[in-house]
Amino acid sequence: MNTFQSLTSVRTTDPITRLAQVCIAVTVITVLARLPFVVQHGLSIDSYFYVRGFPTMSQLFGQGRFGQYMVFVAGESLGFNALTFGTLLQGVGLICFAASVPLVFTAFDRDVQVSRSGLVLTSLLITLHPYSAEILSFSEASFTAQLATAMGIGATFLVARQPRRWWVGAILLVLALSMYQLLLNYIALMLLFGAIQLLVKRREGPVLDWQRYRGLAAPLLMTLVGLVAYMVAYKLVIAGFGLSETSRSQLLPLSMIGSRFDELVKLSDFLWKRPYIVQDAPVASALMWSAAALGWLCFVVWVAIRRPRQALLCLLLAALIPVAGIGVIAVGSAWWPVPRVLGGIVVIWGMGAYWLFYLLRQRWQQWAIAIPVGLAVLGASAIGHRIHSDQMLLNGYDKVLAAEIYHSLNQHPEFNDHARIAIVNRNMRWAHPAPLPTAYMDLNMTAFALTGAQQGILRMTTGHELSTVEPTPEHIAVCDTIPTWPAAGFTAVLPSGDAVVCL
């Protein structure tokens, strides 16, 4: 039987073939469900910054993303501009990420004990989750983020299956970390989940027998060596180019631990109330939470009954999983818990669904699980489409406002394209008057919220080389004397030649 025949055979019992079929199915379904992002990507607030070109070396090196900078430089040398990463490579990154997700659950499960349909639905719960969709709205950066995540997952899977290649995995991990450090959350979750899988695989034998966990040795070595090598490389790069580290690449000071705990409590409230970002999808959210919680509960009960000797250690490992899910963002100095950095939490929800398919294997049980999980996946996919459609609406709103601003400015005879434009955004803030259900933090945030993005939207809309500046107290005082948009006369030109826009 050739490779094609084996991949298309439904009755195959070969674990590798079955896993390959799952990866292909998850990839195809994910790409089809995310097709709007691939075919016609929208513009995020970052996109308007990219109008001026790629991020600078100091910006990306300071965040520890020197690999991402090199990818941008290589792309630019081939004729790419920043927006091309969205139009050409968005789908490539999505394919890499989708194909790698089933490996999260099977790196340490050589027999692939969960049914193919169960593994497909579990993986889709991750790839099609709204939190995973958010990174696609930042199309210029999504390729490197998703590629790096796939490389980290793939490296862990490779070393778990072929321990002697731990050094290959370490190299892949260094390259991946140089593009996106949050992939460490995925690796930590894979290691903890793998430890639990190895622990409960057989009932007999001492719990602390190192032979039981032998499969973890090489992946742990890979992770340790790769992480140390990356940190050394990062410090050398920063020192060599004389650059400064940003808050995103620094650890949380001990004095901020208390405030960070309060921030984590607020985040847990968001995860509970808005697991799908929007607030008007109660059924899909409830189904997803129910599957995740019930799966973990069933696993704990099963371990207590069927693996009592391993129960304590299993519970300890399971208790570490939420910590690994939050992972990097909890210990970093900068706190910006946007949905796209919460992929580890989505994996934990997926693990709950995995345990249901793992423990309940009769046909009627599989159907009873698949239907609600499938509906949760369908709801997740629909909200992903809403994120895209809301982004397109937002782009339209921003363009209309940019055109209106330029028209209003040109009513002043003393205005010209060389004037510095100060946009004082006191009323509009992060959103237009018409609310968008998927708007959260910088997801679907108006371009007029930040000065650099304001310049981008004005240039893209008008075709003129306009420049914006941060408002000074003098600019802000002007808005106390003239109307605010949308009223007529919301712009003014100062004797200095600076133009003021009051939003």
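Use the structure listed above.
Residue numbers here run from 1 along each chain, matching the order of that chain's written sequence. Only residues with pLDDT of at least 70 are given local features in this predicted model, and only at 80 or more are side-chain atom pairs given and counted; all residues enter the totals for whole chains, interfaces and linings. The side-chain quantities take in all heavy atoms of the structure and omit both hydrogens and water.

Each residue is placed in one exposure class: buried if its accessible area under a 1.4 Å probe, protein chains only, is under 20% of its type's maximum, exposed if it is over 50%, and partly exposed if it falls in between. Strands here are runs of E lasting at least two residues and helices are runs of H or I lasting at least four, both read from the DSSP assignment and numbered beginning at the N terminus. The buried count for strand 1 (residues 420–424) comes to four of five residues, which makes it a mostly enclosed element. The β-α-β motif built from strand 1, the intervening helix 21 (residues 451–462) and the parallel element strand 2 (residues 467–469) has right-handed crossover chirality. By definition, two strands form a pair when at least two bridges between them are found by DSSP. As paired elements, strand 1 and strand 4 (residues 499–502) share four bridges and run parallel to each other. Within the sheet, the bridge partner assigned to Ile421 lies in strand 4 and is Ala499. Seen with its strands pointing away from the viewer, a crossover is right-handed when the path leading from the first strand over the helix to the second is clockwise.

It is worth spelling out the pattern of salt bridges at this point. A pairing counts as a salt bridge when a side-chain nitrogen of Lys or Arg comes within 4 Å of a carboxyl oxygen of Asp or Glu. For the structure on display, the rule yields eight salt bridges. For Arg340, the salt bridge is made with Asp442, and the minimal N-O distance between the two is 2.9 Å. With Arg340 in the loop between helix 18 (328–331) and helix 19 (343–359) and Asp442 in the loop between strand 1 and helix 21, the pair connects residues that are 102 residues apart, well separated along the chain. For Arg340, a relative accessible area of 18% translates into the label buried. For Asp442, a relative accessible area of 8% gives the class buried. Across the salt bridge formed by Asp498 and Arg420, the nearest N and O atoms sit 2.9 Å from each other.

This part is about empty space enclosed by the protein. Cavities and pockets were defined on a 1 Å grid built from protein atoms only: a cavity is a group of points that admits a 1.4 Å probe but offers it no way out, a pocket is an open group of points flanked by protein on both sides within 12 Å along at least five of seven lines, and a lining residue is one with an atom within 4 Å of any such point. Grid points are joined across faces, edges and corners, and a volume is the space filled by probe spheres set on the points. Tallied over the entire structure, the rule returns three cavities of 30 Å³ or more. Size it by volume and the largest cavity reaches roughly 180 Å³. Together, 15 residues line the largest cavity, and Ile135, Thr149, Tyr180, Tyr186 and Arg340 are the ones closest to its centre. A volume near 110 Å³ is recorded for the second largest cavity. Every residue along the wall of the second largest cavity is listed here: Phe108, Asp109, Arg110, Asp111, Gln113, Gln197, Leu198, Val200, Lys201, Tyr354, Trp355 and Tyr358. When residues of the lining of the second largest cavity are traced back to their parent elements, those giving at least two are helix 13 (183–200) and helix 19.

On to helix 2 (residues 15–33), then. Given the number of residues in a helix, its expected span is that number minus one, multiplied by 1.5 Å. Compared with an ideal rise of 1.5 Å per residue, which puts 19 residues at 27 Å, helix 2 spans 27 Å between its outermost C-alpha atoms and is within 8% of the ideal. Burial in helix 2 covers these residues: Thr17, Arg18, Leu19, Gln21, Val22, Cys23, Val26, Thr27, Thr30 and Ala33.

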